[in-house]
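Reading the structure
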Amino acid sequence: MRVKGAPPFLPWVVAIWIAWTVAAAAVQDVAPAEPAFIFTQATYNGSILENTFGKKYIHTNHRMGIQLEGRFSALDIEYSITDGDKKNIFKAEAVTVEDFCFLRIRTRTDGFGRLNRELDPMFYLKVKATGVSPALKTVQETFADVIIQVKDENEFSPLFSTQKTTVSIPEDTPLHTSIAQVQASDADIGRNGDIYYSFKQATLVFAIHPTTGIVTLSRPVPYDRRHEFKLNVLARDRGTTPSARSSSLSQSELTIHILPVNYHAPSIRVHNHQTLVEHGNLDSVFAVLTITDPDHDDNGKIGGVDVINDERKVFRLAPQNTHGMFNILVTKPVDRETMPADYNITVIASDKGAPPKTATVTIPIRVQDVNDNEPVFEHSVYNVNISEIVLPRTPVVFVRAHDLDLGSNGEVRYSIVDGNERDLFSIDSESGLIKTAAHLDSELARQVTLVVQAQDQATSGSRKTGQSRVIVNIEDYNDNTPLFTMESDTVMVRENLPKGSRVTRVSARDDDGGDNGKLSYSIVNYNSVPFDINAFTGEITTKTILDYETMRRKYELHIRVADWGSPFRRERDMVLTVMIEDLNDNSPEFEKIRCSGYLSRESPHRMDVLTLTALDFDSGNTITYSITDGNGDDCFSIVPSTGKVTVNCDMSGYRDGTRTLTVVASDGQHVSIPVTVRLTLVNNKRNQNLADDNVRIRCDRTDVMKRFQAQTLASHEANIKMEGVTVASGSSKVNSAPVVDKGFSTYAEVSENVKIGTEVLDFGRYVSDSDTGFNGQLTYVISSDDDPEGAFKLDSFTGKLLVFSELDNEKKSVYSMTLTASDLGEAPLSVSKKVKIVIKDENDNVPIFEKALYELEVREDADVNSVLLKVRATDLDIGNNARIRYSILSDDRDFNIDPDAGTITVRRKLDRETHTDQELVIQAEDSGSPTRLSSTAVVHITITDTNDNAPVFLPDLYTVRVREDLPVGAVITTLTAHDLDEGANGRVVYSFAEGLPQNFEIDSLTGSVRIRRLLDYEITQVHNLTGRAVDAGQPALSATCTLVIEVMDVDENVYGPEFPDFLERASVAENSPIGSYVMRVKAQDMDDPAFGAGQITYSLQGGSGLGRFTMDSIAIPKTLSHNKIMHGECPSWFHKDEEGSDRCRRRGIKNLHVSDEAREQ
């Protein structure tokens, strides 16, 4: 085996090199030595046990000395130590045997105590050899280095760094955790300094590593069983204890305190949990808390309790006199309406553990309502517009109020308390639907302000009310016909007024508002009258110049006034008589003009000369005629009324030959164009132009007569054809009642999910009225129904039945109502139909489970198809919408569910070890269309254990190698078996299958294997054991494993064999036969032969006799015999190196000198 503590390779090389250099230098300094006079080696190695005293030689595996050959054979050699032995411990001796001078180094007899390995582990000696030749009188010198290793003797016991060690560990420290380490030191080296640790007292709770001193936990240490462990730890070195030392052990005390673990958080129990009365309970006890903790010491003491999450600071905590009891007190009033519905407080309690553990409990706050809130309308003012022609029972608006109180305190009833003096409106007390209760008239009231009151249903005397205003703007409808407001229907107008002259202004009024009250005027017979009218002002003007003489003298204007209303205009007609007032607007016109002729001078007095007539186009004018010129002597006169001109004087005396008269006609205002009458005076008897008359005159005729006649004719025709204008009154129209088409269906279905405003049916499409105008204009209303909450509304103008509020089949599925259509005639007529509306169920309700979470336990050996649980969900819908099918959404490999019944059964063999807990997500889905609705619930299944798993060793083969000198109690391995079961079924007890082995023991709880007795490699090298693990189930299951423990041999050979003498001499006769006895040698070994280390074997290692002698290697004592015939040619002596070695290969060397007896003799 390798010697521990040997010096490193480099120092040896350096030492050899230094020794060789010094030796060579020394030889050169003294004298040139013959090359043959040298040591057999430049450096020798040897060893000696420390504390050796007296005459003890170093041990070396090689012969030390000088070979004496040739001329050096006669030298006297002496050895001396020249360097390296400052303490003068060693002495060099020379022993010459035949041709070899041995170098032997021993301790001096006075060196006791000076050979101490701990102080001087190595000696580097310089040995000088001096050879003196008496014959030649020469001196030879040479040097060699001898390196001596001082071997350790186990003289020291281990020493602990501290005699007492204290550690503290929590009681829940995991098994096999390192909890402490003890340390000892030993001044020796090698095995003498190697330390083994062990416990003085046998224990299964702790284990200590034999070489590191690390203490581990090998069994649980519950605090409630034991608080402290005191262990005595032994430290023993591995060396052999010398006889001078009583023991190689030392001892230290290890104290292990078990600390209680804060396993449990405090437990909080809530008692006397009260419901708060709104605005009350000041300083009253809301709840009582009991807080406990089952832990030990500080871990079980309550460190602090507090109320958290009390954002409104309503509560405070007050301890009672009883330990662990606390009161939660109300510190201020609470308002249920402002406090969140899910308002909770959290009580947190912590213990005094390190670290502390806390527990919390959430306490819901429930406040008992008092009627402290008035109903509040969604709007303080509602503005609604409604036409005045809607029929009674027409829906107007929903008013809604909310009361924050609960129950009857928050239940609201509605009423109209003001503004409904004429009972125009009604309100449903529950729904808040306002309807018309009578016919409306915008002309009487364009706006009605209703004061609506909402009153809660609290106990009488404590009810509260809220109010809102509903402003109903009654929209004007064109229900009024315009009325003319003129005082007279006849007007006079003068002729000859310029075009566009104002004649008169017609006026009318309309009580409607807006466009319905705006009026437009027109002349219906516009094309037959010479008048125009301003459509907006009603002003009538001439559209041409009027002429009394040629045009009609009376006109009847068909005046129509119409409003701008819709859908129809209302009109009223009248006849306006316009009389043309004649004016003197024409001058008389003569029928004859430019008259000339002859007049006899003898014409008698009063003779008619001519008559000039004039016509006046004006009616009723009187024409007068007069001579305005040429009659200065009044010889002529004219009749004013007829225009007859006569001679008024005697003209015979006139000398002038001509007279020119100017005649005019006048109507009293206008004068005609003058007519000149040129008369040539002649003598009647002498002028042939007169013939037989006294006067002869010619005039030019005008067309005035023709024109007058044409005017007279036109005037006659214009006035003679004048027809009267007939105006029909409105009341004269016949109003027929509306009718409903036979194709109208009185049955309709509507989905409950339709939006408000959805059309249900079109009643107006099937109602017709043959009348025109307002007699044919219809309005619609639901005249009777069983719908006080206003689910439907019949549009007043289109007749479409619309959804007016949300429908719900689950609340009401059928509605009956009467639809009425009424015209707008002055005497309205109506028609009605009863209809039935069925609310179709829609899949608008999700199936609801009875529970959101189901919990149950099932044994893992439950039979397949066994029933575990039945879940149930309900759906408020009907038909397919309410037909529910169940399914498992999560992993369903282990369980089935009946899709119709909801029964959950075991699908296959269960295995708790695979799934301890399973959460099944169960879906309940209806069969609705087009969309199916579903909800889920969770079924938490805990699978309880049965003993269906045997323990399993991992691995099933354990192989451990241990030194044979490990101390008793050392843990060499831990067998571990796993049992997938839980509780007692998974709790494993360990043992050896064949009973308890002599050398080992196993911890039944942890499987730790300890050395029970000292091991011995020489007796048993391998131990094959069978470990067994048995669970505590019923029936119990077990498993085994193989544990192979290989014992490692430890070098117990402390001492090598020693021969009593350095040199043995013997002789043998020449020619002795082969196998002859030569001599007997014997070596001694201080090791105990019982362990094999002290058993010695012998062998020949070298020398001149090698090959000629043999040695028995076993027998004691040993014999040496020659194996070849000795004869005279052989050398007379032989040198042999004999080796004795023990079984651990430690060697002892002995020199044998064998001589030939014959030669010696």
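Keep in mind it's a predicted model, so treat the numbers as computed, not measured.

As used here, a disulfide is simply a covalent bond connecting the sulfur atoms of two cysteines. On inspection of all chains with the given rule, the structure shows 2 disulfides. Between the sulfur atoms of Cys595 and its disulfide partner Cys699 the distance amounts to 1.7 Å. Taking the sign of the S-S torsion, about 115° here, the bridge from Cys595 to Cys699 comes out right-handed. With Cys595 in strand 45 (residues 592-600) and Cys699 in strand 53 (residues 695-701), this pair connects stretches of sequence that are 104 residues apart. Relative accessible area serves as the criterion here: at 2%, Cys595 is assigned to the buried category. With its bonded cysteines labelled in order along the sequence, the protein chain shows the pairing 1-4, 2-3.

Each regular strand carries side chains that alternate between the two faces of the sheet. Burial of strand 15 (residues 228-237) is extensive: 7 of the 10 residues sit out of reach of the surface. Here 5 bridges tie strand 12 (residues 195-199) to strand 15, and the two strands are oriented antiparallel to one another. Residue pairing in the sheet places Ser198 in a bridge with Leu234 of strand 15. As paired strands, strand 15 and strand 16 (residues 249-259) are joined by 9 bridges and run antiparallel to one another. Paired with Leu234 across the two strands is Gln251, which belongs to strand 16.

Helix length check: helix 2 (residues 704-720) (17 residues) gives 24 Å between terminal C-alpha atoms against 24 Å at 1.5 Å per residue, within 8%. Buried positions along helix 2 lie against strand 44 (589-590) and strand 47 (614-615).

Let's shift gears to the sheet that holds strand 13 (residues 206-208). Two orientations exist for strands paired in a sheet by backbone hydrogen bonds: parallel and antiparallel. On the basis of which strands lie adjacent, the open sheet formed by 3 strands has the order 10-14-13 and antiparallel pairing. Both outer strands of the open sheet, strand 10 (178-181) and strand 13, are each paired with one neighbouring strand and no more. Each strand of the sheet is rotated relative to its neighbour by a mean of 25°, with strand direction disregarded.

With 89% of its residues at a pLDDT of at least 70, the protein chain reaches an overall mean of 84. The low-confidence segment residues 1-33, where pLDDT is below 50, has 39 contacts with residues more than four positions distant or belonging to other chains. A low-confidence stretch, residues 1124-1130 stays under pLDDT 50, and its non-local contacts, those more than four residues away or across chains, total 23 contacts.

Let's shift gears to the sheet that holds strand 74 (residues 971-974). Sheet architecture is open: 3 strands sit in the order 74-78-77, paired in antiparallel fashion. In this open sheet, the two strands that pair with only one neighbour each are strand 74 and strand 77 (1000-1002). Between one strand axis and the next, the sheet turns by 25° as a mean value, whatever way the strands run. Note that strand 77 and strand 78 (residues 1008-1011) share 3 bridges and pair antiparallel.

Moving on, we get to the packing of aromatic side chains. If you walk through the whole model with that rule in mind, you get 22 aromatic pairs. When the ring of Phe590 is compared with that of Tyr625, the centres are 5.9 Å apart and the planes differ by 45°; the resulting orientation is tilted. Here Phe590 is found in strand 44, whereas its partner Tyr625 is found in strand 48 (residues 624-629), with 35 residues between them in sequence. Tyr625 gets classed as buried once you look at its relative accessible area, which sits at 6%. The residue whose ring lies beneath Lys543 is Tyr526, and the NZ or CZ to ring-centre distance is 3.7 Å.

Conventions we followed
- Residues numbered from 1 in each chain as written.
- Predicted model: local features only at pLDDT ≥ 70, side-chain atom pairs only at ≥ 80, totals over all residues.
- Heavy atoms only, no water.
- Disulfide = S-S within 2.5 Å.
- Helix = DSSP H or I, 4+ residues; strand = E, 2+ residues; numbered from the N terminus.
- Buried < 20%, exposed > 50% of the residue type's maximum accessible area, 1.4 Å probe, protein only.
- Pairing = 2+ DSSP bridges.
- Expected span 1.5 Å × (residues − 1).
- Contact = heavy atoms within 4.5 Å.
- Axes fitted to C-alpha atoms, helices over the stretch in contact; angles between N-to-C directions.
- pLDDT = per-residue confidence, 0-100.
- Phe/Tyr/Trp six-rings, centres within 6.5 Å; stacked < 30°, edge-to-face > 60°.
- Lys NZ or Arg CZ within 6 Å of the ring centre and 35° of its normal.

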